[in-house]
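Here are the chains, one letter per residue:
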Amino acid sequence: MGFQQGLSGLNAASKSLDVIGNNISNASTVGFKQGQTQFADVYANSLNGSSGGTVGIGTKVSGVVQQFTQGNITSTNNPLDIAINGGGFFRMSSNGAVTYSRNGQFQLDKTGNIVNAQGAQLTGYVANAAGVLSTGAAAPININTSDIAPAQTSIINAVMNLDSRKLVPGTQTPVTIPPVITPVVFSATDPTTYDSSTSIAVFDSLGNSHVVQSFFVKVDNLNVATPPTAPATIEWDVFATVDGVLIAGAGATANSIGRIGFDNLGKLTVATPAFSLTDPKAMQLVVPVNTGAVTPINTAVDIKYDFTGTTQFGSDFSVSKNTQDGYASGKLSKFNTSKDGTIVGSYTNGKTAVLAQVVLANFTNPNGLQSTGDNQWIETATSGTALVGAPNSGSLGSLTSSATEDSNTDLTGELVNMITAQRVYQANAQTIKTQDQVLQTLVNLR
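Residues numbered from 1 in each chain as written. Predicted model: local features only at pLDDT ≥ 70, side-chain atom pairs only at ≥ 80, totals over all residues. Heavy atoms only, no water.

Visitor: It is not clear to me how the overall build of the protein should be interpreted in this structure. Could you clarify?
Guide: For the protein, the count of helices and strands is two helices and 31 strands. A buried classification covers 39% of the 446 residues belonging to the protein. Here the protein displays about 22700 Å² of accessible surface, and carbon together with sulfur accounts for 53% of that area. (Helix = DSSP H or I, 4+ residues; strand = E, 2+ residues; numbered from the N terminus. Buried < 20%, exposed > 50% of the residue type's maximum accessible area, 1.4 Å probe, protein only. Areas by Shrake-Rupley, 256 points an atom, 1.4 Å probe, with all protein chains shown as cover.)

Written as structure tokens, this is what we have:
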């Protein structure tokens, strides 16, 4: 039995060198988790159960345990690369067979699936056409690369200041009471018939762009030398054209689309035609669009004006906000993954949409996972059942797009371990040599 301790030590040291060599060879493998060799001493069973004077018969490898510590995060130029910062594994599916991985090097296949180098599909929650995620069972993620449909403009949000010093168009002698006004008929091509104007591009149901221009015509004069009692409300008529064609409105003045009014503090208080004024600051004018253009805006849907925040102060006309909610069709130009795994697509029309959400899986005992190679593990009875959820929640880490997680192999430490294992191997070999010399001495006795 004298050689057994040395032989077991040689085997253990050899196994340790195998693990160290595997760690070193995978120092550049994305998502690799280094192994650690664990040893246990070995004793022969005693017939009388006493072990007080028993000498051990060597050592054995009790296990090779992977160290699931965090690797460094390295940026890449591939937007499909994803790094996990914290706990969890990517959940992969290959023809229904589920595996788990920390390697986040992904690419799109020809059908739009996000896959790894072995063709396994990344799984998560898939979004419907409205961008709502189906958070039931995780399924392979497929990126829909089709164009985003256009949306017809339904509302224009305009915030501006109308100059209270402006006069009613046609005012000839503002110093008289009442001032002399020569009536004028509004014309979009005659700047003397309106006080201010602004324009914005809107979209029809096919995504075609049209220009809506709004004109503001003051109705009440206050700029007189000795004004009488100021009216409670100063009003402005609003006119509009689409692609240069006047909208036939139903406002108080012929062809106007409505009227807005301000109190003597310059705050918006009135908007007509008839609207609910439960909140005087949230008023809208409906513009029925029917221009007869080649690609008209759908006449079944009106465009509304929202003038919330518009004022009438004694300063120059200015526009601080002029937006609308329509857009043209757009092609998917890029997409990125947020910390919580949400994949958001960006389109050429400036819009964004939720496409899917990557899920992560964690285990009560990650060391119970069985490695299958190719940077992947499978679930076992020892690991426990996979706990699947959204990244950055519970025990699951966050994600970083355009990045990968480096191998957690400590190359310097492994080189030191290799030297130590080599010395252990040499020492065990020396014990065998010494045992051999002792036996040779006994054999040579006469």
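Visitor: Please explain the environment of Thr 182 as it appears in this structure.
Guide: Considering the arrangement of structural elements, one finds Thr 182 in the loop between strand S13 (180-181) and strand S14 (196-203). Note on Thr 182: relative accessible area 41%, which makes it partly exposed. Separated by 10 residues in sequence, Thr 182 and Gln 172 have C-alpha atoms that sit 7.0 Å apart. What Thr 182 contacts, discounting residues up to four positions off in sequence, is Pro 169, Gly 170 and Gln 172. (Contact = heavy atoms within 4.5 Å.)

Visitor: Can you help me understand the side chain of Gln 34 in this one?
Guide: Considering the arrangement of structural elements, one finds Gln 34 in the loop between helix H1 (2-25) and strand S1 (35-42). One polar contact links the side chain of Gln 34 to the main-chain amide nitrogen of Asp 410, over a distance of 3.4 Å. (Polar contact = N/O pair within 3.5 Å; in protein donor to acceptor, adjacent residues only side chain to side chain.)

Visitor: I would appreciate a short explanation of the nonpolar core in the present structure.
Guide: Across soluble globular proteins, nonpolar side chains show a tendency to be buried alongside one another. One finds Phe 90, Leu 122 and Ile 343 to be the most contacted residues of the largest nonpolar core, which totals 22 residues. Counting residues per element, the ones that place at least two in this core are strand S4 (82-85), strand S5 (89-94), strand S23 (332-337), strand S24 (342-347) and strand S25 (352-358). Sort the elements by how many residues they give to this core and S25 lands first, with three residues. Leaving out residues up to four positions away in the same chain, Leu 122 has contacts with Ile 82, Phe 90, Arg 91, Met 92, Phe 106, Ile 114, Ala 139, Pro 140, Ile 141 and Val 358. Counting 21 residues, the second-largest nonpolar core is a separate cluster that includes Val 212, Ile 234, Leu 268 and Ile 303. (Core = buried A, V, L, I, M, F, W, Y, C linked by side-chain atoms within 4.5 Å.)

Visitor: What am I meant to see in the pattern of salt bridges here?
Guide: Close approach of charged atoms allows side chains with opposite charge to pair. A complete count under the given rule lists seven salt bridges for this structure. Where Asp 147 meets Lys 331, a salt bridge forms, and the shortest distance between an N and an O atom there is 3.3 Å. Here Lys 331 lies in the loop between strand S22 (318-324) and S23 and Asp 147 lies in the loop between strand S10 (139-140) and strand S11 (155-161), a separation of 184 residues in the sequence. Across the pair Arg 259 and Glu 235 runs a salt bridge, and its minimum N-O distance is 3.1 Å. A residue pair is termed long-range when its members are at least 10 positions apart, and Arg 259 in strand S18 (residues 258-262) and Glu 235 in strand S16 (residues 234-242) qualify at 24 residues. Through salt bridges with shared partners, a single ionic network connects Lys 33, Arg 102 and Glu 405. (Salt bridge = Lys/Arg side-chain N within 4 Å of Asp/Glu carboxyl O.)

Visitor: Would you mind going over helix H2 (residues 411-443) with me for this structure?
Guide: For an α-helix, the turn length of 3.6 residues means that residues three or four places apart are oriented alike. Along its 33 residues, H2 runs 48 Å from first to last C-alpha, staying within 8% of the 48 Å computed at 1.5 Å per residue. Gly 413, Glu 414, Ala 421, Asn 428 and Ile 432 are the residues of H2 that are buried. (Expected span 1.5 Å × (residues − 1).)

Visitor: When you look at empty space enclosed by the protein in this model, what are you seeing that I'm missing?
Guide: Gaps left between atoms are located by rolling a probe of water-molecule size over the structure's atoms. This model, assessed by the stated rule, comprises one cavity of 30 Å³ or more. Volume-wise, the largest cavity comes out at about 40 Å³. In terms of lining residues, the largest cavity is bounded by Ile 156, Ala 158, Met 160, Thr 198, Ser 199, Ile 200, Ser 214, Phe 216, Tyr 305 and Asn 322. Only S11, S14 and strand S15 (209-218) provide two or more residues apiece to the lining of the largest cavity. Taken together, the residues of the lining of the largest cavity break down into six nonpolar, four polar and no charged. (1 Å grid on protein atoms, 1.4 Å probe; cavity = no way out; pocket = protein on both sides within 12 Å on 5 of 7 lines; lining within 4 Å. Points joined across faces, edges and corners; volume = space filled by probe spheres on them. Nonpolar A, V, L, I, M, F, W, Y, C, P; charged D, E, K, R; others polar.)

Visitor: Explain the side chain of Asp 237 to me, please; I cannot follow it from the model alone.
Guide: Within the element layout of this structure, Asp 237 appears in strand S16. Classification of Asp 237 as buried rests on a relative accessible area of 4%. When sequence neighbours within four positions are dropped, the list of residues in contact with Asp 237 reads Phe 215, Phe 216, Val 217, Val 219, Thr 253, Ser 256, Gly 258 and Arg 259.

Visitor: Sorry, what's going on with the environment of Asn 264 here?
Guide: Within the element layout of this structure, Asn 264 appears in the loop between S18 and strand S19 (268-272). Separated by 30 residues in the primary sequence, Asn 264 and Ile 234 have C-alpha atoms spaced 7.5 Å apart.

Visitor: In this structure, what is going on with unusual backbone geometry? I would like to understand it.
Guide: Residues other than glycine predominantly adopt negative phi, and peptide bonds predominantly adopt the trans conformation. Phi at Asn 95 takes a positive value of approximately 55°, unusual for a residue other than glycine. Here Asn 95 shows up in the loop between S5 and strand S6 (97-101). Phi at Asp 374 takes a positive value of approximately 55°, unusual for a residue other than glycine. Residue placement: Asp 374 occurs in the loop between strand S27 (370-373) and strand S28 (376-378).

Visitor: Sorry if this is basic, but what is going on with the packing of aromatic side chains here?
Guide: Any two aromatic rings considered together are summarised by their centre-to-centre distance and by the angle between their planes. Summed over all chains, the structure comprises 13 aromatic pairs. Each ring, one from Phe 186 and one from Tyr 194, has its centre 6.0 Å from the other, and the planes form 55°; the classification is tilted. Ring centres of Tyr 305 and Phe 307 lie 5.2 Å apart, and the angle between their planes is 5°; this geometry places the pair in the stacked category. Tyr 305 gets classed as buried once you look at its relative accessible area, which sits at 1%. Through a chain of ring-to-ring contacts, three or more aromatic side chains come together here, namely Phe 68, Phe 89, Tyr 100, Phe 363 and Trp 377. (Phe/Tyr/Trp six-rings, centres within 6.5 Å; stacked < 30°, edge-to-face > 60°.)

Keep in mind these numbers describe shape, not what the thing actually does.
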